[in-house]
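Analysis of the macromolecular model
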Amino acid sequence: MDMASSQETGRRLRRPSDLAREHRGTRRSRVAGAIDLTWPLEFARSQEDRQALLVILSLPSLTPRRLLELAAERRTATSCLRAINAGIAGSPYDRRHASSVDPGSVAASLEGLGGRLVAVHDSDYPLGLLDLVDPPAGLFVRGHALQELEPRAAIVGARNCSPSGEEIAGTLAEALAKAGACVVSGGARGIDAAAHKAALRAGGPSVAVLGSGIDVPYPRENASLLKDVAASGCLVSEYPPGTKAEPFRFPARNRIIAGLSRAVVVVEGAGGSGSMITADQALDLGRDVFAVPGAVSNPLATVPLALIRDGAALIRGPRDLLDDLGLKIGAISNEGGPGLPALGDPALEAVLSVLTVPAPPDALAASAGLPLPEVVSALVQLELMGLVREVGGRFERRATPALASRHKR
Amino acid sequence: MGHVITVEAHVGRGLPALVVTGLPGAGVQDARERVRPAVESSGLQWPLRRVVVNLSPAGLRKDGPGFDLPVALGVLAASAQIPATKLSRYAFSGELSLKGELVPTAGILTVAMAASTAGLDGVVVPQANAAEAGLVDGLAVIAAPDLASAVGFLRGTWTPEPGALPPFQRGAEPRRDVDFSEVRGQGVARRALEIAATGGHNVLMVGPPGAGKTMVARRLPTILPAMTRQEALEVTRLHSVAGILSGGGLVETRPFRSPHHSISSAGMLGGGSGFLRPGEVSLAHNGVLFLDELTEFRRDALEGLRQPLEDGRVVVVRSSGAVDFPARFALIAASNPCPCGYRGDQRRSCRCLPNRVLAYRQRLSGPMLDRVDIQLSVPRLTRAELLGSESGESSVRIRERVELARELQRQRLAGTPWACNAQMPGAFARKLAPLTDRAESLLSQAVENLGLSGRGFDRAIKVARTIADLAGHERVSAEHIGEALGYRTPARAEEMAQVG
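Residues numbered from 1 in each chain as written. Chains lettered and ligands numbered in written order. Predicted model: local features only at pLDDT ≥ 70, side-chain atom pairs only at ≥ 80, totals over all residues. Heavy atoms only, no water.

1. A closer look at the overall build of chain A
How we decide: Numbered from the N terminus, helices here are DSSP runs of H or I no shorter than four residues, and strands are runs of E no shorter than two. Relative accessibility under 20% of the residue-type maximum defines a buried residue, over 50% an exposed one, and the middle range a partly exposed one, all with a 1.4 Å probe and only protein chains included. The contact criterion used is simple: two residues touch if any of their non-hydrogen atoms lie within 4.5 Å.
Each helix and strand in chain A was counted, giving 19 helices and 11 strands. Looking at chain A as a whole, 54% of its 409 residues qualify as buried. In chain A, of all internal contacts separated by at least 6 residues, the share reaching a separation of at least 24 is 71%.

This is the structure:
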């Protein structure tokens, strides 16, 4: 159950089109020349430095990259905080804010909710994050230690996804969980939630990287899901407890998803969405990027198709994903379930056989050569069997014949 | 609806004035200033004395400009300018212009009907409304162009031209400007409306803008069975009262009303201050009421639809009195699937937050929609789908099937208070729709796996009964139940929301 070396699977990503990407200017090339900075070993070793780090992490306008630059010069967190307080580093706003933060109360609230601070160079600080140009100096973690939750792969995608996207994300997460991998995602609606849910259902652990504090469930409807994620795996955030979810935090959150994972799978994403950011980050970090394709006319396939064109590996189903990651769980098909059952009814079989792309019933009637009333009736029976579903007046096949799993939810 | 009002006039001593008593509404008070110039322009004398006009029975509120003519004639009779002999044998109604012309007036059909009921010889009405009044059998219609002609008729110096009123032809093919053969694709919506027309079911269509919901709905009246003379008279009378009768004569096409969603509850159900006007539900009587953008309608306007949907009538109560208007219509409602309109669309992605979509969908449920048996999703077709699909059958051919299946229902429901399948209560429908064993098992499977509710169960049986009628089958088979279950889409969305 080992992950194959990233050299082998990452091969797909080194393509001529990647050169074009470099020309367009990625994050990495923007900060070229500065990437050799590393956190000093003594940065947060002493108790005093850890207290100082709690204050520093609460500062609203000190970015991780600027903190890293400061730390390279000042060596310890205490010294960095002193520089900020003295006005040598950071903004006046940071200085004013620093004096109002009581590290004792942050530590107390962290303890109250069963969380902890994982600082850089701690034994359970995930090494993958150090590949980032702006690795967080510390993470707030609630749940199990990240080093127990390996190997990790991320499944991300649109919040406003389609039912079939949800289903595919679920199938992939389930396969990863069964193969012993930990599913990382962003705890958001749509694809994220579907991936977490399926991983938990399959008995696997899951990690949710939040754009808010680890005690602030966002979106609120995922509160109980996030509680379950914390119980099985953990919740991770670089923001101190109590931090509200704000739009600018999500792109930053996405870099941590990429940093924590060996591979990132993008299921659905409309143009200009966060999934593209996560995938770009993953590419910059040399992680494997996988994408589930869709029809070129489908707006939700924009990001996956763009990634595939740029060299990401195309995923048809769980088998492709596990094969590429070098994971195995016995026989598994890309459909993620048993083959289609013998229906024993020629009308049902005829309708199912012409149902290749989502289509309204009258179009299916025309291609199956059956009268419309019969086709509508057949579709209802297929729906009862869990083989098809209706989305906005068109019928489509379900990726998993999943009538039984419906009752489990 | 419709009373004979006696207009009395008295010319006495006092300063010149016209006083109207007997609960006149604002529209009648208006007549006081209009009648005198009309009389003087017609070459007649206005008595320069105190004139009192009384409308009896005094307990009944009266309104509308139709009182101009009777008030003027009353004053002329009281001042001995016309003989009073014919006045009590005719009914008079019509609005006067200052020049003394009789202008088209609302509600003439009701006046004519009341006159006929009261056993009067005839009615004197504006020429433009003569055809409308002529719909009442056995009543002489005097079509007067102006006040002078009406006076001439009473004096015996003017006779109307022999009325060239077109006789009503039963079964004549009404004019249609739309036809189902013009619709490309949307086979499911076409089929659903055929079933709706057959069983009298109400329909909800959910789909993105531009899917063709309105286009399909507008064609429903063309496949409804032709109106009987009785039905046509009811429609004409309601339209006459509302003053929307164009061209006069009988309304032969089933009405199609599509009020804008900003309509008030009074506009929808009837009412208004003073004169109680029939609302859209009554103007759609015997026809189709189309509510586009259902979720945008005001809550009170939608809540009020429950009574007409249940009883086929609406009672409007105001301080000025209560009126009972007929309102039996086919409701066709249309809605977007979500606030932005593009959820589930193939080409545009939806930008709505899930909880807003849920809130939007919840507005689509509620007690009113319990009366909507057929609910379906209408997709926006892609160019390729449009080009690949055939255009439909003509409305005439569909209507033949509808009428045949209606006849089956009439026979089956003879002796019950119901005329079509949609009107049957659930328990009765289950009795009248004998299911085959396979149909039974399919239905119980749907209850178990699709979360079909008790009401959804009854709706499915009623629709399946209609589908079987269209096919000419006495027993309801699994295919009929299966198809009926296909027309319950928004319920599907609710199931998804609960599960996901």
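Now that the structure is up, let's keep going.
2. Quick look at the pattern of salt bridges
Pairing is possible between side chains of opposite charge, provided their charged atoms come close. Residues and elements named next belong to chain A. Basically, it comes down to this: Salt bridges, as used here, are contacts in which a Lys or Arg side-chain nitrogen is within 4 Å of a carboxyl oxygen on Asp or Glu.
Following the criterion strictly, the structure yields 41 salt bridges over all chains and no others. Close ionic contact of aspartate 131 with arginine 287 constitutes a salt bridge, the shortest N to O distance being 2.9 Å. Note that aspartate 131 is positioned in the loop between β1 (115–119) and β2 (138–143) and arginine 287 in the loop between α13 (274–284) and β8 (288–291), a separation of 156 residues in sequence. Aspartate 131 gets classed as partly exposed once you look at its relative accessible area, which sits at 38%. Measuring nitrogen to oxygen at the nearest pair gives 3.8 Å for the salt bridge that ties arginine 152 to glutamate 150. On the accessibility criterion, arginine 152 (6% relative accessible area) is buried. A network of salt bridges, in which partner residues are shared, links Glu167, Arg389, Glu396 and Arg398.

3. Re the interface of chain A and chain B
Which entries qualify depends on this criterion: Each polar contact in these results corresponds to two N or O atoms within 3.5 Å; when the atoms are within protein, one needs to be able to donate a hydrogen and the other to accept it, and residues that are neighboring in sequence are counted only if both atoms are side-chain atoms.
At the interface, 30 residues of chain A touch 43 residues of chain B. Between chain A and chain B we count two salt bridges in total. Across the salt bridge formed by arginine 394 of chain A and glutamate 385 of chain B, the nearest N and O atoms sit 2.6 Å from each other. Connecting chain A to chain B are eight residue pairs in polar contact (both at pLDDT 80 or more). Counting residues per element, the ones that place at least two in the side of chain A that touches chain B are α17 (361–368), α18 (372–384), β10 (388–391), β11 (394–397) and α19 (403–408) of chain A.

4. What to know about the confidence of the model for chain B
Atomic detail in the predicted coordinates should be set aside for any region of low pLDDT. Residue and element names in this part refer to chain B. Applicable threshold: The pLDDT value tells you how sure the predictor is about a given residue, anywhere from 0 up to 100.
On average, chain B scores 85 in pLDDT, and the residues at 70 or more come to 93%. Here residues 166–173 scores under 50 on pLDDT; set against residues more than four positions off or in separate chains, the count is seven contacts. A low-confidence stretch, residues 494–500 stays under pLDDT 50, and its non-local contacts, those more than four residues away or across chains, total nine contacts. Confidence metrics for the complex model read pTM 0.71 and ipTM 0.77.

5. Some remarks on the nonpolar core
Stated precisely, the cut-off is as follows: By nonpolar core we mean a set of buried residues, namely Ala, Val, Leu, Ile, Met, Phe, Trp, Tyr and Cys, connected to one another through side-chain atoms within 4.5 Å. An automatic or database domain assignment is the source of the domain bounds shown.
One finds Leu382 of chain A together with Leu220, Ile332, Ile374, Leu376, Ile481 and Tyr487 of chain B to be the most contacted residues of the largest nonpolar core, which totals 74 residues. Sorting elements by how many residues they give to this core places α18 of chain A first, with eight residues. Two domains share this core, each providing at least three of its residues, namely domain 2 (208–395) and domain 3 (424–499) of chain B. Ignoring any residue separated from it by four or fewer positions in sequence, one finds isoleucine 481 of chain B in contact with Leu435, Ala439, Leu442, Leu443, Ala464 and Val476 of chain B.

6. Here we look at the sheet that holds strand β1 (residues 6–12) of chain B
All names here are of chain B. Put simply, the test is: Strands were regarded as paired on the criterion that DSSP finds at least two bridges between them. Where helices are involved, their axes are fitted lines through C-alpha atoms of the stretch in contact, as for all axes, and angles between N-to-C directions lie from 0 to 180°.
Read from one edge of the open sheet, three strands run β1-β3-β2, paired in mixed fashion. Bordering the open sheet on either side are β1 and β2 (17–21), each of which pairs with just one other strand. In this sheet, neighbouring strand axes are inclined to one another by 15° on average, regardless of whether the strands run parallel or antiparallel. Sheet analysis places β2 next to strand β3 (residues 50–56), joined by five bridges and oriented parallel. Paired with alanine 17 across the two strands is arginine 50, which belongs to β3. Where helix α2 (residues 68–78) meets the sheet, its contacts fall on β1 and β3, and the angle it forms with β1 comes to roughly 45°.

7. Some remarks on helix α15 (residues 318–325) of chain A
Residue and element names in this part refer to chain A. Along α15, six of the eight residues are buried, which leaves the element largely enclosed by surrounding structure. Turning to α15, its buried residues number three or more, namely Pro318, Asp320, Leu321, Leu322, Asp324 and Leu325. Glycine 326 occupies a position one or two residues after α15 and carries a positive phi of about 75°.

8. Some points on the layout of surface pockets
Residues and elements named next belong to chain B. Stated formally: Definitions used for this entry: grid spacing 1 Å over protein atoms alone; cavity, a set of points where a 1.4 Å probe fits but cannot get out; pocket, an open set with protein on both sides within 12 Å along at least 5 of 7 lines; lining residue, one with an atom within 4 Å of a point. Grid points are joined across faces, edges and corners, and a volume is the space filled by probe spheres set on the points. All residues other than Ala, Val, Leu, Ile, Met, Phe, Trp, Tyr, Cys, Pro, Asp, Glu, Lys and Arg, Gly among them, are scored as polar; the first ten of these are nonpolar and the last four charged.
Put simply, the second largest pocket is a space of about 1500 Å³. Forming the walls of the second largest pocket are 47 residues, and the residues nearest its centre are His3, Ile5, Lys62, Phe67 and Val111. Of all the elements in the fold, those that place two or more residues in the lining of the second largest pocket are β1, α2, β4 (90–92), α3 (108–117) and β15 (321–326). When grouped by side-chain class, the residues that make up the lining of the second largest pocket number 28 nonpolar, 14 polar and five charged. Two domains share the lining of the second largest pocket, each providing at least three of its residues, namely domain 1 (6–155) and domain 2 (208–395).

9. Some details on the packing of helix α5 (residues 64–74) of chain A against helix α6 (residues 77–85) of chain A
When two helices pack together, their arrangement is given by the angle between the helix axes and the distance between those axes. Residues and elements named next belong to chain A. Rules: With respect to orientation, any angle under 35 degrees is reported as roughly parallel, any angle over 145 as roughly antiparallel, any angle of 65 to 115 as roughly perpendicular, and every other angle as oblique. Left-handed is the label given to a crossing in which the near helix is rotated counterclockwise from the far helix by less than a right angle, and right-handed is the label when the rotation is clockwise.
Interhelical geometry of α5 versus α6 gives an angle of 110° and a closest axis separation of 9 Å. With respect to their mutual orientation, α5 and α6 come out roughly perpendicular. Between α5 and α6 the crossing geometry is right-handed. Where α5 abuts α6, its residues Leu70, Ala71 and Arg74 lie against Ser79, Cys80, Ala83 and Ile84. Here the contact of α5 with α6 is composed, by residue class, of five nonpolar, one polar and one charged.

10. A look at the domain arrangement of chain B
All names here are of chain B. The test is simple: Two parts lose some accessible area (1.4 Å probe) when they are put together, and adding that loss for both gives the buried area.
Splitting chain B by domain gives domain 1 (6–155), domain 2 (208–395) and domain 3 (424–499). A separation of 38 Å is found between the C-alpha centroids of domain 1 and domain 2. Each side of the interface is counted separately: domain 1 has 12 residues, and domain 2 has 14 residues. Summed over both sides, the interface between domain 1 and domain 2 buries roughly 1100 Å², with carbon and sulfur atoms accounting for 65% of that surface. Summed over the shared surface of domain 1 and domain 2, the number is one salt bridge. One salt bridge connects aspartate 137 with arginine 229, and the closest N-O pair in it is separated by 3.8 Å. The interface formed by domain 1 and domain 2 includes five residue pairs in polar contact (both at pLDDT 80 or more). For the side of domain 1 that touches domain 2, the elements supplying multiple residues, two or more each, are α3 and α4 (130–133). Among the elements that line the side of domain 1 that touches domain 2, the one with the most residues is α3, at four residues.

11. Overview of the packing of aromatic side chains
Residue and element names in this part refer to chain A. Note the threshold: Aromatic rings from Phe, Tyr and Trp, with only the six-membered ring used for Trp, were paired whenever their centres fell within 6.5 Å, and each pair was classed as stacked if the ring planes differed by under 30 degrees, edge-to-face if by over 60, and tilted otherwise.
Tallied over the entire structure, the rule returns five aromatic pairs over all chains. Arranged with centres 6.0 Å apart and planes meeting at 45°, the rings of tyrosine 218 and phenylalanine 250 form a pair that is tilted. With tyrosine 218 in the loop between β5 (206–209) and α11 (223–232) and phenylalanine 250 in helix α12 (residues 249–260), this residue pair connects regions lying 32 residues apart in the sequence. The exposure class of tyrosine 218 is partly exposed, given its relative accessible area of 39%.

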